[in-house]
Amino acid sequence: MCGIVGYIGYREAYPIIIKGLHRLEYRGYDSAGIALYDKGLKVYKKAGKVSDLENFVKGVSLAGTVGMGHTRWATHGAPSDRNSHPHSSSDRKLTIIHNGIIENYGVIKEALLAKGHIFKSDTDTEVLIHLVEDIQKETGLDLLEAVRITLNKVIGAYAIVIMNADEPDVLIAARKGSPMVIGVGKGEYFVASDATPIVEYTKNVIYLNDNEIAYIHRDELLIKNIDNTIQTPYIQELDMKLEALEKGGYDHFMLKEIYEQARSIRDCLRGRIYPSQGEVQLGGIKEYKEKLKNVDRIIIVACGTSWHAGLVGEYLIEEYARVPVEVEYASEFRYRNPIITQKDLVIAISQSGETADTMAALEIAKERGATIFGICNVVGSSIPRFTDAGVYTHAGPEIGVASTKAFTAQVTVLTLIAFYIAQQRGTITQSKLVEYLTELDEIPTLVERTLLCNDHVEKIAARFKDANNCLFLGRGSSFPVALEGALKLKEISYIHAEGYPAAEMKHGPIALIDDDLPVIFIATKNSSYEKVVSNIQEVKARGGHVIAIVSEGDTQVRDMAEYVIEIPQTDDAFVPLLATIPLQLLAYHIAVMRGCNVDQPRNLAKSVTVE
Ligand code: AGP
């Protein structure tokens, strides 16, 4: 949930670090800080955003070719100057930045307090660096060994970088449960939470593994395990492009990513569908064809928007592959002692591939014998590296905290998986597959047509931007779309919003209908159309304001609703891919009109790597 960046090499460190922190700010933005070595260790840190830190250090000498930086999402200790990272040892010779949670920090802190340590913050991170200092002083060991011993004593998740005033040509980095990438340049090294601060300098990266420590000297890189075994670094080449990280002329990353969805779905489909042959090819899971043919049950575990994608997947897999599917909040699944057998397939859906609850749910599934797959967007992240197999969404870097293109890419992958399993089990005829895949191949074009509704949606946003509550209703696979539309609105505009199955409205939510409540229906011409029309009439009869997502040319709902947003007609299977887009745009425009920080909404972070 925090962003960390480190640099050691021949260039000035500050510009690289501060730019890297901006790229990682989507991971957390409660406070920011940097440490540089230039004739001594210098630490500057401040509550607020990275830009507040930049203003804070204006006029200060920021020289030095080794340094590190941190942008925080608070876990232990409120957002404040004193709880900002980096944190230092008593003698101020050591300083640390940390992403994660040290679960046994309380016990460690008590022991250190008894030894006379004084703490300046409420954070678990400060305890960690004091423990390193304490062990180094007691044993006389070098810093690398003291860090290794320390990490054997802590319980929890960490991605840390440590600097030592007595060893200015070294960064020590380590990870367990939180992501860390090392960039290997010519005469320079980078370390960061993900590759976005690194990609413009080098494409050669090492994904540090759990329980590994990296000793990064100017001209030497040593990686060892906390059990002291030397590890051979495995250098991979990044396929990320720099322009994907820029806003590309849009006001916000979120709007850019909404508009990227025709391309991202096209990228997701590329090389995986052969409409004329009626064939789906998924190289990432092809070793498991037999398993998929005989699987008894599929359990999907995820959080947030990814959980909504899982719900769409349930409709698709049960409809086309006829395999029972259960969709679980990963945070609930991991603690309720679930019944799992070797016949189960557990699929984790995660854009970041780092969500702690989702990772923990997978670990339980693996322990209990299930086959585990991942549907992720970030290549090389923890979940794809942990699972037996999986399918990448190939949506490209998603910087906006509110997930948009990742959601439609996840739904696209789930559609492919549903058809792929149907293929293995023969639950769809070849001719029907030809028909479905031909339509699916058209979806990117239909997405481009759907995006034309933007100006119309902006007008509707102006009409309802001051609402305090909002209800989203849909049936079938449009119910999870209603949930997703509600989440988008609430997380970036701070308007309370709920998604509900349209039929459920009569069992309570209909009491909410009044002149102030916008009710948004997904009412496309699909299997449950007539039923949804009845629900719209029920809302109208009680004076509710109805906004409806309808199929192009619909006149019946058009004459009933206050506003309609038309999307291209498509098969039931693909409605979620199109119907979600106007809801993303509606949330976006309302949030902008309300002056909210669309890309970095309050209290949120892009990747929830703590539970
Ligand atoms: C989505 O808009 C939210 N930012 C959030 O719900 C997100 O989907 C959730 O935290 C899961 O993240 P993941 O897909 O990276 O696991």
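What counts as what
Residues numbered from 1 in each chain as written. Predicted model: local features only at pLDDT ≥ 70, side-chain atom pairs only at ≥ 80, totals over all residues. Heavy atoms only, no water. Pairing = 2+ DSSP bridges. Helix = DSSP H or I, 4+ residues; strand = E, 2+ residues; numbered from the N terminus. Axes fitted to C-alpha atoms, helices over the stretch in contact; angles between N-to-C directions. Core = buried A, V, L, I, M, F, W, Y, C linked by side-chain atoms within 4.5 Å. Buried < 20%, exposed > 50% of the residue type's maximum accessible area, 1.4 Å probe, protein only. Contact = heavy atoms within 4.5 Å. 1 Å grid on protein atoms, 1.4 Å probe; cavity = no way out; pocket = protein on both sides within 12 Å on 5 of 7 lines; lining within 4 Å. Points joined across faces, edges and corners; volume = space filled by probe spheres on them. Nonpolar A, V, L, I, M, F, W, Y, C, P; charged D, E, K, R; others polar. Arc of directions from axis to C-beta. Near = heavy atom within 4 Å. Polar contact = N/O pair within 3.5 Å; in protein donor to acceptor, adjacent residues only side chain to side chain. Areas by Shrake-Rupley, 256 points an atom, 1.4 Å probe, with all protein chains shown as cover.

A. The sheet that holds strand 19 (residues 325-329), seen in detail. Taking strand neighbours across the sheet as the criterion, the five strands line up as 19-18-20-21-22 in an open arrangement whose pairing is parallel. In this open sheet, the two edge strands, each paired with only one partner strand, are strand 19 and strand 22 (389-392). Recorded for the sheet is a direction-independent mean angle of 20° between the axes of neighbouring strands. Alignment of strand 18 (residues 297-302) against strand 19, held across five bridges, turns out to be parallel. By the bridge assignment for strand 19, isoleucine 300 is matched with valine 327.

B. Just the nonpolar core, in detail. Core analysis: the biggest nonpolar cluster contains 93 residues, and Ile285, Ile298, Phe419, Leu440, Ile443 and Phe472 have the highest contact counts within it. Broken down by element, the residue count for this core peaks at 12 residues, all from helix 18 (residues 575-593). Once residues lying within four places of it in the same chain are set aside, the contact partners of phenylalanine 419 are Val280, Tyr320, Ile428, Leu433, Tyr436, Leu437, Leu440 and Phe574. Counting 33 residues, the second-largest nonpolar core is a separate cluster that includes Ile18, Val50, Val57 and Ile198.

C. Empty space enclosed by the protein, seen in detail. In this structure the tally under the stated criterion is two cavities of 30 Å³ or more. Reported here for the second largest cavity is a volume of approximately 50 Å³. Lining the second largest cavity, in full, are Phe464, Ala467, Cys470, Leu489, Ile495, Pro518, Ile520, Ile547, Leu586 and Ile590. Broken down by secondary-structure element, the contributors of at least two residues to the lining of the second largest cavity are strand 25 (518-523) and helix 18. Residues belonging to the lining of the second largest cavity are distributed by class as follows: 10 nonpolar, no polar and no charged.

D. Fine view of helix 15 (residues 454-464). Turning to helix 15, its buried residues number three or more, namely Asn454, Val457, Ile460, Ala461 and Phe464. The arc enclosing the buried residues of helix 15, seen along the axis, measures out at 115°, which places them on a common side. For helix 15, the exposed residues set more than 90 degrees away from the buried face come down to Asp455 and Lys459. The inward-facing, buried residues of helix 15 abut helix 6 (253-259), strand 25, strand 26 (545-551), strand 27 (563-567) and helix 18.

E. Geometry of the site of the ligand. Around the ligand, a shell composed of 15 residues is seen, among which Ser306, Ser350, Ser352, Thr355 and Glu491 lie nearest. Within the side chain of serine 306, one N or O atom sits 2.6 Å away from an oxygen atom of the ligand. A distance of 2.5 Å is found between an oxygen atom of the ligand and a side-chain nitrogen or oxygen belonging to threonine 355. Starting from 410 Å² of accessible surface for the ligand in isolation, the protein chains cover 91%. Elements that contribute at least two residues to the shell around the ligand include exactly helix 9 (304-320) and helix 16 (478-493). Considered class by class, the residues forming the shell around the ligand number five nonpolar, eight polar and two charged.

Read these as geometric descriptors, not functional statements.
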